[in-house]
Structures are given as structure tokens and as C-alpha cells.
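# Summary of structural features
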Number of protein chains: 2
Amino acid sequence: MIPRCIQRSHFALRLRRIDVHSYSSPHGLRFLTASPTPTPSGSRQFLRYGRKAAKYAAFTCFSAVLGLSVVIGGVFIHDVFTYSDRHIDRVPVSPLALHPECGGPNNLPVASVLVGDEDNSSLVPIKDKPRLVIVGGGWGAVSTLQSIHPGDYHVTLISPDTFTTFTPLLPSAAVGTVNVRSLVESLRKVIARVHGQLIHGRAVDLVMSERLLEVETVSVNGETRNIYVPYDKLVIAVGSVSSTHGVSGLQHCFQLKTIADAQAIRRRILDNFEMASLPSTSEEERKRLLSFVVCGGGPTGVETAAEIFDLCQEDIINYFPKILREQVSIHVIQSRGHILNTYSEAISKFAEEKFQRDGVELITSARVGEVRPDHVIYTTKDPDIGAVVEHTIPTNFVLWSTGIAMNPFTARVSSLLPNQVHKKAIEVDAHLRVNGAPLGDVYAIGDCATIETSLVSHLLELVEEACWTQDGKIDFDEWEIMVKRIKKKIPMASLHLDKVRALFDLYDSDADNKLNLNELAVLLQEIGNKITALPATAQVAAQQGKYLGHKLHLLAAKRDTLVANELPAGADEAVTGPFTYRHLGSLAYIGNAAVFDLGRLSFTGGLAAMYAWRSIYWSEQVSMRTRALLMIDWIVRGVWGRDLSRL
Amino acid sequence: MIPRCIQRSHFALRLRRIDVHSYSSPHGLRFLTASPTPTPSGSRQFLRYGRKAAKYAAFTCFSAVLGLSVVIGGVFIHDVFTYSDRHIDRVPVSPLALHPECGGPNNLPVASVLVGDEDNSSLVPIKDKPRLVIVGGGWGAVSTLQSIHPGDYHVTLISPDTFTTFTPLLPSAAVGTVNVRSLVESLRKVIARVHGQLIHGRAVDLVMSERLLEVETVSVNGETRNIYVPYDKLVIAVGSVSSTHGVSGLQHCFQLKTIADAQAIRRRILDNFEMASLPSTSEEERKRLLSFVVCGGGPTGVETAAEIFDLCQEDIINYFPKILREQVSIHVIQSRGHILNTYSEAISKFAEEKFQRDGVELITSARVGEVRPDHVIYTTKDPDIGAVVEHTIPTNFVLWSTGIAMNPFTARVSSLLPNQVHKKAIEVDAHLRVNGAPLGDVYAIGDCATIETSLVSHLLELVEEACWTQDGKIDFDEWEIMVKRIKKKIPMASLHLDKVRALFDLYDSDADNKLNLNELAVLLQEIGNKITALPATAQVAAQQGKYLGHKLHLLAAKRDTLVANELPAGADEAVTGPFTYRHLGSLAYIGNAAVFDLGRLSFTGGLAAMYAWRSIYWSEQVSMRTRALLMIDWIVRGVWGRDLSRL
């Protein structure tokens, strides 16, 4: 039965060695054949070895099942202890929390003490700590919360949602590749670490003179009630809304910024497929129902198009009439010449080729003119005649994902401060303090903030600091010192200030080896223009939150020292340097393939890249809970496909 | 280091034995110490044994991790193959499917061919099979679908939801113990097995003479369009709606019959807690927001009350201000004297005692008078003065779960048939054929159907069948034959017909040893009144669906034989007997405890019973997918608690 060649092989020889000597398995267990009989023939050895291998495999399987059972059993035993008989009686609550006094310009209730402030003895010392109020529940807010230490502040979080969302995976959630609940973590669980409190509401106004934040809460029967939340330090991290670019009819579009958006998109997509398979649907209507239009060729738009393609290719094809899959059309309308235009050229090209293979239509260099309930109108320039041509795509699904704009609260804060002129966000200094607000009182981070890039506005300050010589000019030595000062004030300018000598010579237009005030102003203006603002990404918000949280902790920890040294509030420079952004790379999923732009390196690929893309997002999760849920979602999708239920 | 007593122990002795002899582990692997040194001292042996045990444990752990990794790896490898490059071109579609002809009394499009009918070659023979149309997507419909064989019929499913729901766990989903998506399975996946098609719509009317079902579909822009779906056999399994019992204000109540209900309840509960913790909420409002009222002491009501209690006790207590937990009140209003009154007395008592310990208020023998937006009014009878007393509970959450009523389609079908007089459901015969409809055309199962219990309506038929003697009376022998016939027609009467002789004597009022027509009529009437209708439970619907699916398969399989024997359509008796219900028991979850009523046996208990309750529901799942998701949900709840995010 067993060929002779095998009997004589190294395999058989090794078997014989095992028989004589003890053999250490790689897992640190020692095995030895215990047979007292003389060395048997090769074939019998082989059989015995096979039996042993089978036993070994069986044992491994058994151990795996046992291990898993032990884990599940452990969970269930743990389960038992979550059902405890805890009774709560006579919780101490300050009368001021139950009946807040009114105050402020609008004479509203001031929430100076909250009902949860005296819940247990460990909270009592926190009650009188400086009040840190964080507005928002996204990347910036959560990352700040995760960086401060329990007991540093009396923390209050104001958020219109009770959860934080892992926004980069919203396109996956929009088609059901992952579950929406796997992307959210309750903010109450996030703030529990710092013994903070959540107020479910929307910030609407700010009274900086009295350090009061006006919050709109929704009470029973849907009526709104405004209250004041007092703060010592305020962090604004409210994010942004989508920019309209002046296009009309955007009420017919979907956006993809929140969980509610993802849920609405999923419902619409499944509705479209269900309606398309109805006998009462005409041929023309079916084609319109199966036409999906994405306006915007950035990562969100591209990933959503890719996810819709995946849904059609992997699930719709299996469970809906085949004609639906045949008639599906996906269109991406991009104003620039390429999709993913902020990524490297190689990446844009890779993504465009992938989409071309998949039959996803890319409409580049096109402007969306109007969105109507049943079609999208866009214009392109005809390269031959140079005229603008108008096109129409009939559709029942339009996603609008192009750029950001201020949300109402950001706009209100901006309007309160005369020196705030930026149109899309609140301008902050390099320490993330809101320009124009009382120093050290108000910070802004994430999409709602932009770090000032204008050097020229610091001209006078710089000139004052420099040992301005009698002739009203600065020489090269002074310029070198000034460059250091600029780099400290506006770190983002550093890149453009590297060639100190060359710059000096370039702008020294009268070649007197000195810069006069005019020459300096031109230099600062032009360098300022060169600085690119940080992108409105999760990465920036998270890094800013981490920086700010760390700084807030240092300010709290060194409070006594700062006071002893008579340093004013907002002396952030005393504890830490300005915020510096470290770009870790951009990535995007493009349908069973992914692209990575890591600055100098860029990387594109198929399934392996997709798994790498998943791993990165997996590691960035807020909690182990969402990490586990996400992994389960991917496995469940792999085994059973997406859930096609329209909930 | 090691006490002498241990050195001398049996433990040490066993060690010595291992040293000399080979030792078979219980897992079938043989271990032998390979040391060539002489027998060492006890303590050294002990150390070595410890090392070995540690190695063994490490190996088990390693194997478990390895096994799990292999499983996950396997899934991901499988994952790769789900991303295939499948292109679909020129799907064959009948022109009649694209442009259906109009017909029927309302001249609507008749969906005689569907767009998916020719999707692949395996569907072609099915196209011309008899058309089985199933209306509904619940227990009855799914269980019918699971019992017929692929190819028996051209199957079309009409459902207003695209998924089937595991209704018994809706109370768990309503507070987030399990995820709603773990309770649903896409109907498209369920019908894929029998190559069926789904029409997403609502049945509104029936033209029995032309065998057309009128279906209302929702098309683009929300406009409704009605179509006709032709059938050869129709199964009505549309379920029921909640009974109002004439109480006004039910629009302020929640129900718990669908996934949407569970989602709405979860949102309301979390809203209540969020609003209760706002500084702008008054003491009185807080108490009202934290008051939860359940009307109905049946399993759904009791389980929901228990789940709300669990939520408060296990999650709210940890993440919300403690005063909320203190002020929570849960009230169950029951019209009968006990909750779970259809269960055994021991069970009712156990549940009542458990609720009392938990502080859940039970209001028994009470009638809800009215539900207003901010309170519930109920009345009780004062036992002392005998007068009716009115009470009020301020609340912001009322669940209404008392009894069932006809949904509009059931009512319409009932109104079309003059002999249908039942108020809550369509009456069917013991073969589940709708009484009055063309025999064998229309079946009804589940909550929307009730099996006839009236024997007296069969009087004439029975008399005709009996060899009616000249004197217009039947003797005992004829009575015995008649009893057999009755048992066959109405098996639910069997229980009451066991004592054949006693019955005969009892109703033979003139003691002439014969029953005359009047005596027989009284007998049949009174026995008919004794029969209890089957409860409106998932268990009944599932058994009826299974029975019907099996019968439909037999009718299809024996079609040729039936035709050859010239048996008419609806000759169900030729292939199978009437439906008989086997009660497998009732169970209910009552908050970290569960009760089981298995007919003669009843069983109550704490956590162990809860796990048994979970196991039963787990095994009853529609698919492995929901089984896996449910298990994961329970584990996730055990480890991280419920998700408190208000989505």
C-alpha cells in the first residue's frame, strides 16, 4: 500500500530517530513512542505515525473547541455576576441641581451643579474642580476625553448624539457590510472614565464674558428648553456640515456624515432594489431606480460607490432577479480632473482603472448644476468646441459629499468675534485657542477649527520682539532669530522657512543685506499664502484632541506652580509647545482593493491591501467592544453575506 | 518549600508511577517522562510535574488560539472567493414580465410572469408549475416555505416587510439585550431555497372567482400602485394587529409586534433616561419620565417589564446619575387576578414574587380606562366598599400588549365570505382550508386563522352520513361511528368525546337509548362550546405552516395520481389527515429568571432557567446566521453591557 520510495525517505528515517530518542515538539511538549517492541518495518511505522498525527490533530481540535468553550463559559459565568441585587436609596443630590437658579443675559437656568455630581464619595473632590465643558461627540471630543486624567476637571460633555461614531466606516455601514452599532460607542461610557457627565443637547450660543454656554435641550413632548452651562475651559469640537457649493435641490440628496445618514442610505438603496423588482415598475423606472449617483470624488464618495458596487456584485446578484444586476449603473461626478485628487497620481490612476474594470462610470471635470427629485443635471466642457454641455442622469439616489461648511454654532461663535473672518471654520492659534476669545478660555479642534496660517497678521508683534535697529530694518542675524520665533508661533510655516538665507536674499529687493518693513511684510504674506490648511479629516481631529487633552492635563497638574509663578490663565506656552500635525497617511477602499498614500510612499493593491485597510481601521477603534463587533461583522459578511433586510 | 505532607501524598505516589509506566491521558495521547536519571526526590518530581502541567496548559491555550485563528483565517480565505468577477449580460426576460397585461375586475396589471422567472435554466421548469402565493412573512409563512420542496410550485411571497422576525425575542431587542438585526432573516434568502420570488407589498383584496390577489405596492415617490397576483393555491398568513378593547388614546401607546416597534421602544426608553438627566427637567417630570407602564400581563408584557428592569439594574445604574435608578418605577396593569394567567398557578406565583422582590408594581384585576399623552387612567374595584375606584399613573411610556384583532386584509377576506362570522380571525376547517372559499384554493394559518370548533354546524352533514334510521333517531352503534367521523372532521373535539357511552347516556334525556335530532343538536352544541381555540402563538403558527407545507408538497408530488383518480382540487383528505396541534410548552423570561410551562410539568428558576430559556429560543432560529448573531449578542452583553447609544 505504501510505496517503497516513501519507506526509504527522510520521513521514514526521522520516524526511526523518534523511536530511539525523545523528541521535543515545537510546542514545548516532549513525545516519545513508548513501544517496548523492536523497530518495526517502515510501513507499520508510517501507519503508527499517521495514527499519532491524527490523534495530535484531534487533540488540537479538541483543545480549540475546549478553549473556545472555556472562553464562552467564562463569559457566561461573568454574566451571572452582572445580575446583582443592587438597591439604591437616598442618593445625595444638591438642591441646586434639582432647582437650578436662573441667570445670564437671557435669564435661563444655570446648570452649575448637576444631579450626578454627588453620586458617590469619589466624585466629591471633583465637584469643585475647574469646569471643562466639551461641545461635540466626534473624533476631537473623544480624543480629548481620552487624554485627560480622571480628577483633572469637572467634565461636562454637550452632544446632540448620545454616541460617538467611527466615521471612516460609514460607507461600509451604508450598504450593510458592517452594522451601524459596530461603529458607535456610547458617550456615557467614554466619559465614565473621567467621571464626567453628559448633557444631551445642542450648543447654540456663547456668553464669553460670563463664561456661559447656552445649550438647547429637547424635553418631554418635543418642546425645547435652553439652559446655561458654566465653564472655565471650553472645547468646541462640533464638526462641520456639508458645503452646498450653491447647488440647488440638495434636499433631494443624501449626505454621509452621521449614523442616521448611513441608515437612511441603506434603506433607500434596498427600497430601490425592491421597487425595481416589482411587476408594477416600468422599464424606464427600473433603470432610474438602479442608477446611483455620487457627487464628489473624494474618499467618502469613492468608498460609497465602491461599497454599492460590492453590494450589487456579492449580494444583489444572488437574491434579486438577475435583470437588476444587469441594469445597475453607478456614477461618480467629480469637479476635478481625477478622483481622489488629494492622493498621489499613481493612486488616482489605480482607482480609476479599477472603477473602469468594474463598470463604475467616472465623470470628471464636471460641475453639478442642480439636483431634482428624479435626476441630476451636470455640465462638462466639450474639449472640441469649448462650449459647456449639459447632461442629465435619471436617478433615485444621489449622495452629496463635497467639502465642508460651518454648522450653526460654529457660525455663531465666529460672528461673536470681530477678528474671525474665515468662512469655513473658527480660526485658532497654534495652541488651538480660539483667536479673539479670552486667552485660555475657549479652544476649538477638528473640522470646526482651522489653524491660522497668516504670518503677516503677526508682523507688528514680530517686529516688536525683534531688536529693531534704529534704521527700521533687520539684518540677517535678526532674521534668523525671527524665523525661530515664527516657527514657534506658526509651526505649519516651518516647511517654507527652511532656506533661511535664500529667503532673506530673495525678498531683500534693494539688496542692502537688510529687510525693511515692506520687504518683510511681502515675505510674510507670501509665505503665509503658501501654507496649506490642515485637511478636515478624522486624523487631524484626533491628533488635536490628543494634544489638547494632554495640555489640559498638564495645566491641571501644574496649576499650583502656574499660580505660584503668577502666570496668567491661558499661559499654555508655559506647559507645552504648539500643536504640530504628523500626517500618518491617507487610505481609501475602492472595492475589494485599497489604496494607501503614506506621504512619500504610496501603495495600491487588491485583497491584501483591503485586509491592511481593515486592520488599520480596526486598530483605531474607540473601544474593544467596537473592535470585537467589527471583526464579527466582517466574518458574518464573509460567511452569510450582507443582510438584505430593509429595517 | 513544598510541605512534607504533599511529598508523601497520593499525588506524589502517582507521579512516581508515571515515571515508571507510560501514562495515557484522557485525551488519547500518551505521555512519558523521558528522563534517564534515577527516580528523583518528591519535591523535584512535584516541580517537574508542575512544569509539565504548565506546559500542558500552555499547549491547550496555544491550540485554542491556533484553532480560533484557523477558523478566522478560513473565513477570510472564503471571503476572498466571494469577490468574484461575475458579469451579467442579456438576462432572458419575458416581454410579459416587462409589460404585464391588465385584467380582473379593477383592470389592474396582472403579474402572470415575473422578471426573475427565467433567470437561469433551473427555473424554466418551475415557471409552469402551479402558482403558490403566500401572503405574510411571519412564522406561518416561513414555516410553510421551509416545508415545501424546491420545484413543487412556482412560489411567490407577498410581504410588506422584506424580512422575517423572531418575534419571541422582541422584548429583549426593545432594550438592546440583543440587536434587532440578530432577530431578522431576509425573506429573499428564505425563498431562495424554493426558487421563489418576493413581491414587497401589502395584500388588500381577493377575487376568488378569478383566483387573483390584489396587492398594493409602493412605487417611486411614495405613490401606491395595485396589481393582481394570480394564484392556484393561496396561503394567508398575515398575522394580527393589537386589540384595542375599546380603550381610547391608544395612539399614545407602543405595541411590540414588529422590529419597528422594538426600535421605537428602545429609542423612547433611552430618550426618557436622557431627558430625565437634563438639568432643565423638573423633579415631577423626571418621575414621570422614569415611570414605565405595561398594559397586559401576558408573556410579552411581563418579558418587556423584566427587560426594562434588567436595563435599569445592569446598565442605567452604571452610566447615568444614580437618582435616575432610584426614581425608576415599572408598573404592569393586568385585567385578570394574576399575571401569566394562561400558565400554571405555580408559575404565576413565582413570577409575581420575583417582580415583588424587584420592586416592579403589579396592578391586577384592573381595567385601563384611557391612555393620555402624559398618564394612564385605570380602574379597580375596592374590595371593601365594592365601588370602582379610578387611579392615574403619570408616565411617558405605555406598552399595549393585550390580545389580538384582525388586520385589514383578514377583515376583507372575512367580509367576502358569508359564512365567516368569527370576530378575530378567519375560520378554517381542520385541514386549514378557509371555510366558504373554493375548496383547496385558499388556506389560512397563524394568528389570522382560527380552526372551527362548532360541531353543530356539521349536524346535517353528520346526520346524512349516519345511516339515519326510519324513526329519525340514532342508536349507540351509530353514535360510535358518528364520534369517529366527528373526531376526523374536528380533531380538537376528540378530548371531549372520549367517554362515548357516558355522553350518549347524558344527552339521551328521554332515556329511550337513542338520540333524536334535538338531543344530538344539544350534545354537539355543548361539546363545541367546550373546545378552546388554539392560542395566537408562534408555536401554533409554526406547526400549522409545517403541516401545510408538507401537505402542499404531498399534493404536488401526488398530482398525477390524484388526477388519474379524478379527485377534485382540495381533496386534501386524500393525502393527509387534519391538522393536530402538539403543545410543546410555554416559557417566559422574568428578569434573570425564567418560567416553563410544559403542560403537566412546570419549571421555574433563576439563571439556570434563563440559560435554558435562551437555549430553546436559540435552537428555534430560522438560520445559522441569526443563531450566531444571537450568541454573539448575549456574549457582548455579558462582557460590555447593553449599548446605551440612542440611534
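Residues numbered from 1 in each chain as written. Chains lettered and ligands numbered in written order. Predicted model: local features only at pLDDT ≥ 70, side-chain atom pairs only at ≥ 80, totals over all residues.

Below, the discussion takes up the overall build of chain A. Counting its regular elements, chain A contains 22 helices and 30 strands. By principal-axis analysis of the C-alpha atoms, chain A measures approximately 105 × 75 × 70 Å. For chain A, the residues scored as buried account for 40% of the 647 residues in total. A sequence separation of at least 24 residues applies to 64% of the contacts in chain A between residues at least 6 apart. (Helix = DSSP H or I, 4+ residues; strand = E, 2+ residues; numbered from the N terminus. Buried ≥ 20, exposed ≤ 12 C-beta atoms within 10 Å, placed from the backbone. Contact = placed C-beta atoms within 7 Å.)

Right, let's talk about helix H9 (residues 259-276) of chain B for a bit. Over its 18 residues, H9 of chain B extends 26 Å from the first C-alpha to the last, a length consistent with the 26 Å expected when each residue adds 1.5 Å. For H9 of chain B, the full list of buried residues reads Ile259, Ala262, Ile265, Arg266, Ile269, Leu270, Asn272, Phe273, Glu274, Met275 and Ala276 of chain B. (Expected span 1.5 Å × (residues − 1).)

A few words on helix H13 (residues 345-358) of chain A. Residues spaced three or four apart along an α-helix point in a common direction, a consequence of the helix completing one turn every 3.6 residues. All names here are of chain A. With 14 residues, H13 should cover 20 Å at 1.5 Å per step; its first-to-last C-alpha distance of 20 Å lies within 8% of that length. The set of residues buried in H13 consists of Ile347, Ser348, Phe350, Ala351, Glu352, Lys354, Phe355 and Asp358. Trailing H13 by a residue or two, Gly359 shows a phi angle of about 80 degrees, which is positive.

In this section: the sheet that holds strand S24 (residues 442-444) of chain A. Residues and elements named next belong to chain A. The sheet built from five strands is open, its strands ordered S9-S6-S5-S13-S24 with parallel pairing. Looking at which strands have only one partner, the edges of the open sheet turn out to be strand S9 (197-200) and S24. Across the sheet, the mean angle from the axis of one strand to that of its neighbour is 20 degrees, orientation sign disregarded. Pairing of strand S6 (residues 154-159) with S9, which is carried by four bridges, proceeds in the parallel orientation. If you follow Thr156 over to S9, its bridge partner there is Gln197. (Pairing = 2+ DSSP bridges. Axes fitted to C-alpha atoms, helices over the stretch in contact; angles between N-to-C directions.)

Attention now moves to the interface of chain B and chain A. Frequently, the measure chosen for interface size is the accessible area that the parts lose on association. With 95 residues of chain B at the contact, the number on the chain A side is 94 residues. Top element by residues in the side of chain B that touches chain A is helix H3 (residues 42-82) of chain B. It accounts for 18 residues. A class-by-class count of the residues in the side of chain B that touches chain A yields 52 nonpolar, 23 polar and 20 charged. (Nonpolar A, V, L, I, M, F, W, Y, C, P; charged D, E, K, R; others polar.)

A general tendency of soluble globular proteins is for nonpolar side chains to be buried together. Ranked by size, the top nonpolar core spans 304 residues in total, and within it Leu213 and Ile236 of chain A together with Leu213 and Ile236 of chain B carry the most contacts. With sequence-adjacent residues up to four places away left out, Leu213 of chain B is seen in contact with Val133, Val135, Ile158, Ala203, Leu206, Tyr228, Val229, Tyr231 and Leu234 of chain B. (Core = buried A, V, L, I, M, F, W, Y, C linked by C-beta atoms within 7 Å.)

Before going further, it helps to spend a moment on the packing of helix H22 (residues 624-640) of chain A against helix H22 (residues 624-640) of chain B. H22 of chain B packs onto H22 of chain A with a crossing angle of 175 degrees between their chain directions and a minimal axis gap of 12 Å. Judged on the interaxial angle alone, H22 of chain B and H22 of chain A are roughly antiparallel. Across from Arg625, Ala628, Leu629, Ile632, Val636 and Trp640 of chain A in H22 of chain A, the residues of H22 of chain B making contact are Arg625, Ala628, Leu629, Ile632, Val636 and Trp640 of chain B. Across the contact of H22 of chain A with H22 of chain B, the residue classes break down as ten nonpolar, no polar and two charged. (Parallel < 35°, antiparallel > 145°, perpendicular 65-115°, else oblique.)

Residue and element names in this part refer to chain A. The phi dihedral of Ala511 falls on the positive side, at around 50 degrees, and the residue is not glycine. Its location among the elements puts Ala511 in the loop between helix H17 (500-507) and strand S27 (515-516). Ala511 sits in the exposed class, given 7 other C-beta atoms within 10 Å.

Residues and elements named next belong to chain B. By the secondary structure assignment, Leu497 is in the loop between helix H16 (476-489) and helix H17 (500-507). Classification of Leu497 as partly exposed rests on a count of 17 C-beta atoms within 10 Å. Among residues more than four places away in sequence, those in contact with Leu497 are Val483, Ile486, Lys487, Leu503 and Ile527.

Here we take up the sheet that holds strand S19 (residues 375-381) of chain A. Residue and element names in this part refer to chain A. In spatial order, the strands read S18-S19-S20; together these three strands make up an open sheet with antiparallel pairing. Among the strands making up the open sheet, the edge pair consists of strand S18 (366-372) and strand S20 (388-394). Across the sheet, the mean angle from the axis of one strand to that of its neighbour is 25 degrees, orientation sign disregarded. The sheet contact formed by S18 and S19 spans six bridges and is antiparallel. Among the inter-strand pairings, Ala366 is bridged to a residue of S19, identified as Thr380.

Expressed as a screw transformation, the operator carrying chain B onto chain A has a rotation angle of 180 degrees and an axial translation of 0.0 Å, and the superposed copies differ by an RMSD of 0.2 Å. Overall, the copies show the geometry of a two-fold rotation axis. By C-alpha distance to the rotation axis, the residue of chain B lying nearest is Ala64 of chain B, at 1.9 Å. Comparing contact sets, 99% of the residues at the interface of chain B also lie at the interface in chain A, consistent with an isologous, same-surface contact. (Least-squares fit on C-alpha atoms with pLDDT ≥ 70 in both.)

The next point concerns the UniProt feature "domain: EF-hand" (unreviewed entry) in chain A. Taking the UniProt record as the reference, the feature "domain: EF-hand" (unreviewed entry) is found at residues 495-530 of chain A. Segment residues 495-530 of chain A splits into 61% helix and 6% strand. End C-alpha atoms: 10 Å apart. (UniProt positions renumbered as here; feature names shortened; annotations may be inferred.)

All names here are of chain B. For the pair helix H6 (residues 139-147) and helix H19 (residues 538-557), interaxial distance at closest approach is 7 Å and the crossing angle is 35 degrees. When the axes of H6 and H19 are compared, the crossing they make is right-handed. From H6, Trp139, Gly140, Ala141, Val142, Ser143, Thr144, Leu145, Gln146 and Ser147 reach across to H19, where they touch Ala538, Ala541, Ala542, Gln544, Gly545, Lys546, Leu548, Gly549, His550 and His553. (Left-handed = near helix turned anticlockwise from the far one by under 90°.)

On to the pairing of strand S30 (residues 601-605) of chain A, then. Note on strand geometry: in a regular strand, side chains alternate between the two faces of the sheet. Residues and elements named next belong to chain A. Bridge analysis of strand S29 (residues 594-598) against S30 gives five bridges, and the strand direction is antiparallel. Residue pairing in the sheet places Leu598 in a bridge with Leu601 of S30. In this structure, the hairpin formed by S29 and S30 is closed by a connection of two residues, where Gly599 is found at a positive phi of approximately 85 degrees.

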